[in-house]
Amino acid sequence: MLLLVTGLVAQEKLSPSATLALTPPMGWNSWNKFACNVSEDLIKGMADAVVKSGMKEAGYVYVNIDDCWQVSRDSNGNIVADAQRFPHGMKAVGDYIHLLGLKFGVYSDAGSKTCAGRPGGLGHEYQDAIQYAAWGVDYLKYDWCNTTTQEAKASYANIRAALDASGRSIVLSICEWGKAQPWLWGKEVGGNLWRTTGDINDRWGGQEKWKDGSCCSNGVLAIVDQEAGLQSYAGPGHWNDPDMLEVGNGGMTDVEYRSHFSLWAILAAPLIAGNDLRNMRPEIHDILTNQEVIAVDQDVLGRQGERVAKNAELEVWAKQLRDGTRAVVLLNRGAAEHEISANWEDLGYPNAISASVRDLWRHKDLGIFTGKFSAAVPSHDVVMITVKP
């Protein structure tokens, strides 16, 4: 009887968020393509496109409105949506998204104002959480602008407590840019994902200073380098977040976008698309909906991949999957084609064993190999495989 009672008490103590994001969240966010230019019509149209394009079937379920949906607070302190851009209100938008079998996300900020200067959440955390729950919100991205002397860990613990007190299961996306090393405390405070870097920029390369001289905008390679070594902090329900996808936004080649997507998948990153889904080229659609690559990202073991070999611009990244298979990315960061080898010992296998290799972009079994697998990898490209003994 004591064991039964103890079990019931433990069950009662589970927060509404305890079983969220057991695999990395997948969805779409408005910021990378549309920035502040958000509206009810845009969001509903994008939700329609998630379904019509096959993105929903591929696993993309969250439709997230980023900054600039909010304009003020009313006399009672309640957050107010832009009535011109969202004439039917936020609940109506959420209802529409839910009718399509999708989930609804919004954005706020831990400071007094958002990054775009709209009303932030500071001092209104519980009030806002009740409002979000009433609107049917399923996902909250919580930024870190205009926070002055606040302590990050305490601020995010506070908004998680507020969300749980609302009674609704809401994913908490911590967007603190890695300044206070959120991977060290994000899980403890109930974050489901946490940004590990500053913002992504739609380009291939490393870090570049902004026009005002401050640091830094991050290309894909800059973010990948900052993710290396953080794999022990990720797992079911709590993920390192290297920022949203830029696939299809025009700043990189299709080869670079395929590499970007492959790297995010091997990193067990949230896959939050940021392009205009209503008019995707077939090549972009095929990148975002590659089920074999998505399966690597969504593997239920929840391991984040790691860089297991590096020779100048040539790298090997590997991720253990639930069945013991390894997913592997051969990455060529350089300007010319090179051969790259994945050695079994680097993947955690004895060199003497034989293993079947499958190419996840060509959807083709490549044969049985012993000790290693090698491939010619073009500039800025990847070869992404699974290795199964």
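Just so it is clear, the structure is predicted and the values come from calculations on it, not from any experiment.

Engineer: Tell me about the sheet that holds strand β20 (residues 382-388), and please be specific about residues and values.
Structural biologist: Reading across the sheet, the six strands line up as β13-β14-β15-β20-β17-β18 and stay open at both edges, with antiparallel pairing between neighbours. Each end of this open sheet is capped by a strand with a single partner; those strands are β13 (306-311) and β18 (364-370). Averaged over all adjacent pairs, the angle separating strand axes in this sheet is 25°, with direction ignored. As paired elements, strand β15 (residues 326-332) and β20 share six bridges and run antiparallel to each other. Bridging across to β20, Arg326 finds its partner in Val387.

Engineer: Quick one: what's the story with the pattern of salt bridges, residue by residue and with numbers?
Structural biologist: Scanning the entire structure with this criterion turns up 23 salt bridges. When the shortest N-O distance is used, the salt bridge between Glu188 and Lys153 registers 3.1 Å. One end of the pair, Glu188, is in the loop between β7 (171-174) and β8 (193-195); the other, Lys153, is in helix α7 (residues 152-165), and 35 residues separate them in sequence. A residue is classified by how much of its surface remains accessible, and Glu188, at 60% relative accessible area, is exposed. Where Asp381 meets Arg258, a salt bridge forms, and the shortest distance between an N and an O atom there is 2.9 Å. Here Asp381 is found in the loop between β19 (372-377) and β20, whereas its partner Arg258 is found in helix α9 (residues 254-266), with 123 residues between them in sequence. On the basis of relative accessibility, which here comes to 7%, the residue Asp381 falls in the buried class. Each of Asp225, Arg307, Lys310, Glu315 and Arg333 takes part in a single network of salt bridges with overlapping partners.

Engineer: Which residues make up the side chain of Gln298, and what are the values?
Structural biologist: Relative to the helices and strands, Gln298 is located in the loop between α11 (291-297) and β13. On the accessibility criterion, Gln298 (19% relative accessible area) is buried. Those residues in contact with Gln298 that lie beyond four places of it in its chain are Thr23, Pro24 and Met26.

Engineer: Tell me about the packing of aromatic side chains, and name the residues and values.
Structural biologist: When we look at a pair of aromatic rings, we describe it by the centre distance and by the angle of the planes. By the definition in use, this model includes eight aromatic pairs. A ring pair is formed by Tyr132 and Trp135, whose centres lie 6.1 Å apart and whose planes are at 50°; its orientation type is tilted. Of this pair, Tyr132 and Trp135 both sit in helix α6 (residues 125-135), separated by three residues, roughly a single helical turn. Like Trp135, Tyr132 is buried. Site record: aromatic cluster; members linked through ring pairs are Tyr142, Trp144, Tyr156 and Trp185. Above the face of the Tyr96 ring, Lys44 is positioned so that its terminal group lies 4.8 Å from the ring centre.

Engineer: Quick rundown of the nonpolar core? Include the residues and the values.
Structural biologist: Judged by nonpolar contacts, the single largest core of 84 residues is most densely connected at Tyr60, Trp69, Phe261 and Trp264. If we ignore the near neighbours within four places in the chain, the residues touching Tyr60 are Met26, Gly27, Val50, Met55, Leu102, Phe261, Leu271, Ala273, Leu288 and Ile294. Listed in part, the 18 residues of the second largest apolar core include Val328, Leu330, Trp344 and Val387.

Engineer: Describe helix α5 (residues 89-99), and please don't skip the residues or the numbers.
Structural biologist: Turning to α5, its buried residues number three or more, namely Met90, Val93, Gly94 and Ile97. Angular distribution of buried residues about the axis of α5 spans 95°; they occupy a single face of the element. Of the residues trailing α5, Gly101 is marked for its positive phi of about 80°.

Engineer: Any details on the sheet that holds β8? Residues and values, ideally.
Structural biologist: One open sheet accounts for eight strands, arranged β11-β8-β7-β6-β5-β2-β1-β12; its pairing is parallel. Of all the strands in the sheet, the pair left with one neighbour each is β11 (239-241) and β12 (271-273). Taking the axes of each pair of neighbouring strands and ignoring which way they run, one obtains an average angle of 25° across the sheet.

Engineer: Break down unusual backbone geometry for me, with residues and values.
Structural biologist: A cis amide bond links Cys215 with the next residue in sequence, Cys216, at an omega value of -5°. Relative to the helices and strands, Cys216 resides in the loop between β9 (207-208) and β10 (217-218). Positive phi is not limited to glycine here, since Trp177 has a value of about 70°. Structurally, Trp177 is set in the loop between β7 and β8. Exposure remark for Trp177: the relative accessible area of 22% places this residue in the partly exposed category. Of note, His380 is a non-glycine position whose phi angle comes to about 60°, a positive value.

Rules used in this analysis
- Residues numbered from 1 in each chain as written.
- Predicted model: local features only at pLDDT ≥ 70, side-chain atom pairs only at ≥ 80, totals over all residues.
- Heavy atoms only, no water.
- Pairing = 2+ DSSP bridges.
- Helix = DSSP H or I, 4+ residues; strand = E, 2+ residues; numbered from the N terminus.
- Axes fitted to C-alpha atoms, helices over the stretch in contact; angles between N-to-C directions.
- Salt bridge = Lys/Arg side-chain N within 4 Å of Asp/Glu carboxyl O.
- Buried < 20%, exposed > 50% of the residue type's maximum accessible area, 1.4 Å probe, protein only.
- Contact = heavy atoms within 4.5 Å.
- Phe/Tyr/Trp six-rings, centres within 6.5 Å; stacked < 30°, edge-to-face > 60°.
- Lys NZ or Arg CZ within 6 Å of the ring centre and 35° of its normal.
- Core = buried A, V, L, I, M, F, W, Y, C linked by side-chain atoms within 4.5 Å.
- Arc of directions from axis to C-beta.

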